Each structure stands twice: as C-alpha cells, then as structure tokens.
Amino acid sequence: MAVLPTRLGADPAGGYGWVSIVLHWATVAVLFPLWFVGYATSHPGSESVLELIHTHTTIAVCAYALLWLRVLWRFRQGHPAPLPRQRGWSVRLGKAVHYLLLLAIAVMLVSGPLMAWTGGDAIHVFSAAIPSPLPKLPRLSTWLLAVHRTTSRIIMLAILVHVCAVLKHVAFNHDGTLGRMLMAARRTTGRR
Ligand code: HEM
Ligand code: HEM
C-alpha cells in the first residue's frame, strides 16, 4: 500500500495528523493551568485574587489564538471515523463529548473577555493592559460571569468523562484509541 505525505498536516482518513495531535496536547497543557488559576480566583477573601485574575488573563490571552485554532481546526477537519474495533453507542457518546468540549472552549473564549470589559475592567497581560472598548454593563457582566463559571464546570466534568473513557479503552478494549492521539496516522492511496 503506497504511503503519501500528509498534505499540510490534514487528518488522513480514519485518524489524526500531526496538526491535530499537537493542538490536542497543547490545549491539554494550557487548559489545566487556566482552569485551576481561574478557579482559585473565585475564592473571595484571598488578597491575591487580583494577581490570580491577572495570571489567568495573561495565560488566556497568550493562548487565545491557539485555542481558537484548535476549535476551528476540528470543525474544519471533521471527526475521524471510528477505528475498526470502536463500535456502538460509546462511539457516538465519545464524539458528542469531543464536540461539547470544543464548544465549551469557544464559549469561554467569548465570555471571558466580554465579562471583563462589560464589568469595566481592562484585560491584564503581563504588565500591560488591554482597555475595554465597551461601555460598562454590570448586569451583562454578572450574567457572563455565570456563563463563564458554569461552562468551566461543564469542561471539567466532560474532561473527567473523556479521560475515564480513554483509560477504559487502554485497560479493556486495546483498540488503539490512545495510540491514534499519540502518533499521526499515515495517508494511504488504498492501492496494494
Ligand atoms: C478555555 C479558556 C478558559 C478557561 C478554562 C477559564 C476558566 C475560568 C475559571 C474556572 C474561572 C473562575 C470562575 C468562577 O468560579 O468564578 C475564570 C474566571 C475568570 N476568567 Fe476565565 N477561563 C478561560 C478563558 C478566559 C479568557 C479568554 C479570559 C479573558 C481574556 C478570561 C477571563 C477571566 C476573568 C477576568 C475571570 C475572573 C472573573 C471574576 O471573578 O471577576 N477567561 N475563568
Ligand atoms: C490527559 C488527558 C487526555 C487524554 C489521555 C486524552 C486522550 C485523547 C484521545 C486518545 C483522543 C482520541 C479519541 C478518538 O478519537 O478515538 C482524544 C480526542 C480528543 N480530546 Fe482528548 N485527551 C485528554 C485531555 C483532553 C482535554 C483536556 C481536552 C479538552 C479540550 C480534550 C479534548 C479532546 C477532543 C476535542 C478530542 C477529539 C479530537 C480533537 O479534536 O482533537 N482532551 N483525546
């Protein structure tokens, strides 16, 4: 079977290309610090809350383009077909959880900056600040905080389900599910 180079890192049929794999693991590396620093900001009384918010927004702004790229890349590429031994309702559930995670990231990327700006705050990135281009709308800001907060909890729950599912595949199914997110699949012509 002839093997062709993967064009511009696009996903070959039935697997992930390098772009998808790098985007997946880079997102894992960025999402956990963002989530935990963000979560720590929600504990009133701590004197370092402002510093934590600044750390959170610094990571968020630095990773902003990467996270959008990650979301848009999957919608553009579509989801790869299941592996031969991935079958049944769990395949549909897995795909639904993947898309839920991507949508939730998009919601965080929209609600985060809008929440800060409509609350009258600048967005701090290291020692610089991006001033608000919007008027102060406290009620909208409070609503966006609720959206940001609820979506962050949905993300954590979905990640828990996702990681448990991957562990189940590794421990019981031995079907190459983890392997295809570690090593790029090769594009083939289908000729022998
Ligand atoms: C996937 C990306 C993101 C994740 C996982 C995330 C996660 C979180 C979490 C868990 C909180 C604490 C919510 C609470 O319980 O009160 C939070 C707060 C916050 N996030 Fe994000 N966030 C993300 C993106 C962003 C972006 C892009 C911005 C703006 C540039 C942003 C700005 C903020 C601010 C200002 C707060 C503090 C809200 C307050 O208490 O006043 N976030 N974030
Ligand atoms: C250590 C933690 C993680 C492991 C071991 C892991 C593993 C995997 C594996 C093996 C797949 C391929 C499943 C398949 O298509 O058959 C996958 C896909 C996926 N994972 Fe994770 N994952 C982890 C964390 C995360 C996190 C934090 C997110 C949150 C954004 C995430 C989002 C996705 C999405 C959206 C897909 C679908 C393909 C894509 O768009 O990249 N994963 N993951």
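For every chain, the first residue of the written sequence is number 1, and numbering continues from 1 along that sequence. Labels follow written order: the first chain is A, the first ligand is 1, and so on. Only residues with pLDDT of at least 70 are given local features in this predicted model, and only at 80 or more are side-chain atom pairs given and counted; all residues enter the totals for whole chains, interfaces and linings. The basis for every side-chain value is the complete set of heavy atoms in the structure, and neither hydrogens nor water enter the calculation.

Student: Tell me about the site of ligand 2, residues and numbers included.
Tutor: If you check the shell around ligand 2, you find 22 residues, and the closest are Tyr 16, His 24, Arg 70, Arg 74 and His 162. Within the side chain of Arg 180, one N or O atom sits 3.1 Å away from an oxygen atom of ligand 2. Numbered from the N terminus, helices here are DSSP runs of H or I no shorter than four residues, and strands are runs of E no shorter than two. Those elements that provide at least two residues to the shell around ligand 2 are helix H1 (18-40), helix H2 (49-77), helix H3 (89-118) and helix H4 (138-173). Element by element, the count of residues in the shell around ligand 2 is highest for H1, at five residues. Any residue with a heavy atom lying within 4 Å of a molecule or strand is counted as near it. In protein, a polar contact means a hydrogen-donor-capable atom and an acceptor-capable atom, both N or O and within 3.5 Å, with residues adjacent in sequence counting only if both atoms are side-chain atoms; elsewhere, any N or O pair within 3.5 Å suffices.

Student: So what's going on with the coordination of the iron atom of ligand 1? Which residues, and what values?
Tutor: Sites may look incomplete because water is not among the atoms; the donors themselves are N, O and S atoms within 2.8 Å of the metal, or within 3.2 Å for Na, K and Ca. Of the protein atoms, only His 56 (NE2) and His 148 (NE2) coordinate the iron atom of ligand 1, at distances of 2.0 to 2.1 Å. In these descriptions, tetrahedral denotes four donors with every angle between 85 and 135 degrees, square planar four donors and octahedral six donors with opposite donors over 155 degrees apart and the rest between 65 and 115, and irregular any other case. Taken together, the six donor atoms coordinating the iron atom of ligand 1 span angles of 88 to 178° at the metal, a pattern that classifies the geometry as octahedral. One end of the pair, His 56, is in helix H2; the other, His 148, is in helix H4, and 92 residues separate them in sequence. Of the two residues examined, His 56 and His 148, each falls in the buried class. Remark: exposure states derive from per-residue accessible area (1.4 Å probe, protein chains only) relative to the maximum for the residue type, with buried under 20%, exposed over 50%, and partly exposed in between.

Student: Describe the coordination of the iron atom of ligand 2, naming the residues involved and giving the relevant values.
Tutor: Coordination of the iron atom of ligand 2 by the protein comes from His 24 (NE2) and His 162 (NE2), over a distance range of 2.0 Å. Residue classification places His 24 among the buried positions, given a relative accessible area of 11%.

Student: Please provide a residue-by-residue account of the side chain of Ser 20, values included.
Tutor: Of note, Ser 20 is situated in helix H1. A polar atom in the side chain of Ser 20 sits 2.8 Å from the side chain of Trp 73. Two residues qualify as a contact provided that any one of their heavy atoms is within 4.5 Å of a heavy atom in the partner residue. Setting aside its immediate chain neighbours within four residues, Ser 20 contacts Asp 11, Trp 73 and Arg 74.

Student: Quick rundown of H2? Include the residues and the values.
Tutor: Any helix carries an expected span of 1.5 Å times its number of residues minus one. Look at H2: 39 Å from first C-alpha to last across 29 residues, which is about the 42 Å you get at 1.5 Å a residue. Ala 63 marks where H2 bends most, by close to 55°. Every buried residue belonging to H2 is among Val 49, His 56, Thr 57, Thr 58, Ala 63, Leu 67, Arg 70, Val 71, Trp 73 and Arg 74, and all of these are buried. Looking at the packing, one finds that the buried side of H2 touches H1, H3, strand S2 (123-125) and H4. Note on bend: at a given residue it equals the angle between the axes fitted to the 7 residues ending there and to the 7 starting there.

Student: Could you give an account of the site of ligand 1, with specific residues and numbers?
Tutor: Taken together, 22 residues lie near ligand 1, and Gly 38, His 56, His 148, Arg 149 and Arg 153 sit nearest. Here an oxygen atom of ligand 1 sits 2.9 Å away from a polar atom, N or O, in the side chain of Arg 149. Taken together, the elements giving at least two residues each to the shell around ligand 1 come down to H1, H2, H3 and H4. The classification used treats Ala, Val, Leu, Ile, Met, Phe, Trp, Tyr, Cys and Pro as nonpolar, Asp, Glu, Lys and Arg as charged, and all other residues, Gly among them, as polar. When its residues are assigned to classes, the shell around ligand 1 shows twelve nonpolar, eight polar and two charged.

Student: An account of the environment of Pro 133 is requested, with residue identities and associated values reported.
Tutor: Summarising the element assignment, Pro 133 is placed in the loop between strand S3 (128-130) and H4. Here Pro 133 falls in the exposed class, since its relative accessible area comes to 59%. Remark: the alpha-carbon pair of Pro 133 and Ala 122, spanning eleven residues in sequence, is separated by 9.2 Å.

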